[in-house]
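Working through the structure, step by step
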Amino acid sequence: MRSVPRVACVNDLSGYGRCSLTTALPVLSVMGVQACPAPTAVLSMHTGFPDFTFTDLTDQLPAYFESWSHLDFDWIYSGFLGSVGQAAYVRAFFRMQREKNPACRILLDPVMGDDGRMYSTYTKELCSAVRELAAGADVITPNVTEACLLTGTPYHGEALHTDEAYALADRLLSLGCGAVVVTGIVRDDIICNLTCENGSRELTAVHRTKRLFSGTGDLFASVLCGALAKGRPLSEAAGIAARFLSDVTQYTMEQNTDPMEGVLFEPLLARLGEGYDA
Ligand code: PXL
């Protein structure tokens, strides 16, 4: 393993709103991981705000990835995609990197929606493209909405019974990915993540705040990616990410900010450095 693991972060750059690359880059850096961004789109702010500019970078991607062809990455962390065409370029990038380095692992966060709804820039075609990408990933991290969209399961809220969550995870695994972490399964005052890998299932719970904040999925996947890149097993990495999310949402609640501002992770970021995951 490299002393500083190298991760390609395929995600959008949103100028305001604490999500995607503006979350992934600081988290990975503080965890001692080199984060190399490949921006899929540039937005002035995330799509939850009423007015945002959106510049699709699909046409840039082939040359961007080609210029990286002499590099090899330990992990590829792929998130928000701006267009259907982009998915084909990202898939080709996965293939090229795997050929270069068979040990390269892929974490796909299928960023498509939340709370039963698709994000405004997402379409059915883009969902199908993300499903194909998921098939080639080592780990995927859908929330309940995304897990339903990926598997064609009717959505009826985040409060899944254990057997429903297991069935959903089995359907996700049958897409062809290596492992699944279903995030944000809600039970009264706890929030659970279901980690499924190599035939084992682990449902872990942390304390839940009463308010929902945007960008929590990105923060979870970023911390998970950092811990995986540092060599942690998936179930441990998921536990570290869940604990950090719980701490950060608790802190954010206390600050009483607008949920659209996302989670105020900055004051707690340093905790992710040496020691937090001990
Ligand atoms: O947090 C997920 C996300 C990522 N990227 C963009 C978004 C969102 C959620 O709204 O709009 C651009």
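For the structure itself, consult the block above.
Residues numbered from 1 in each chain as written. Predicted model: local features only at pLDDT ≥ 70, side-chain atom pairs only at ≥ 80, totals over all residues. Heavy atoms only, no water.

1. Remarks on the layout of surface pockets
Each pocket or cavity is described by its volume, and for the largest pocket that value is around 1200 Å³. The wall of the largest pocket is formed by 49 residues, among which Asp114, Phe213, Ser214, Gly215 and Thr216 lie closest to the centre. Among the residues making up the lining of the largest pocket, the classes are represented as 18 nonpolar, 21 polar and 10 charged. Roughly 180 Å³ of internal volume is contained in the second largest pocket. Split by residue class, the lining of the second largest pocket holds 8 nonpolar, 2 polar and 4 charged. (1 Å grid on protein atoms, 1.4 Å probe; cavity = no way out; pocket = protein on both sides within 12 Å on 5 of 7 lines; lining within 4 Å. Points joined across faces, edges and corners; volume = space filled by probe spheres on them. Nonpolar A, V, L, I, M, F, W, Y, C, P; charged D, E, K, R; others polar.)

2. Here's the deal with the pattern of salt bridges
This structure, assessed with the given rule, holds 9 salt bridges. In this structure, Asp72 and Arg2 form a salt bridge, with 3.1 Å as the shortest nitrogen-oxygen distance. With a gap of 70 residues between them, Asp72 in the loop between α2 (61-67) and β4 (75-78) and Arg2 in the segment before β1 (6-14) connect regions that are remote in the sequence. When its relative accessible area of 24% is taken as the criterion, Asp72 is described as partly exposed. Since its relative accessible area comes to 25%, Arg2 is described here as partly exposed. (Salt bridge = Lys/Arg side-chain N within 4 Å of Asp/Glu carboxyl O. Helix = DSSP H or I, 4+ residues; strand = E, 2+ residues; numbered from the N terminus. Buried < 20%, exposed > 50% of the residue type's maximum accessible area, 1.4 Å probe, protein only.)

3. Considerations on helix α4 (residues 124-135)
Taking 1.5 Å of rise per residue, 12 residues should cover 16 Å, and α4 covers 17 Å from first to last C-alpha, within 8% of that figure. Within α4, the full set of buried residues consists of Leu126, Cys127, Ala129, Val130, Leu133 and Ala134. The buried residues of α4 occupy an angular sector of 160 degrees when projected down its axis, which confines them to one face. When the buried face of α4 is taken as reference, the exposed residues oriented beyond 90 degrees from it are Lys124 and Glu125. (Expected span 1.5 Å × (residues − 1). Arc of directions from axis to C-beta.)

4. As for helix α5 (residues 144-151)
Across the 8 residues of α5, 7 count as buried, placing the element largely inside the fold. Buried residues along α5 sit in contact with β6 (113-114), β7 (117-118), α4, β8 (139-140), α6 (162-173) and β9 (179-187). A distance of 3.1 Å separates the backbone nitrogen of Thr145 from a side-chain oxygen at the start of α5, and that oxygen is part of Asn143. (Contact = heavy atoms within 4.5 Å. Polar contact = N/O pair within 3.5 Å; in protein donor to acceptor, adjacent residues only side chain to side chain.)

5. Notes on the sheet that holds β8
Strands belonging to one sheet form pairs held by backbone hydrogen bonds; the direction of such a pair is parallel or antiparallel. A sheet is described by the order of its strands in space; here 9 strands give the open sequence β3-β2-β1-β4-β5-β8-β9-β10-β11, paired in mixed fashion. The sheet terminates laterally at β3 (54-56) and β11 (200-207), the two strands that pair on one side only. As judged from the 7 bridges shared by β9 and strand β10 (residues 190-197), these two strands associate in the antiparallel manner. Across the sheet, the residue bridging to Ala179 is Glu197, located in β10. Across the face of the sheet, helix α7 (residues 216-229) comes into contact with β1, β4, β5 (105-108), β8, β9 and β10 while running at roughly 175 degrees to β4. (Pairing = 2+ DSSP bridges. Axes fitted to C-alpha atoms, helices over the stretch in contact; angles between N-to-C directions.)

Honestly, that's just the spatial picture; any functional story needs more than this.
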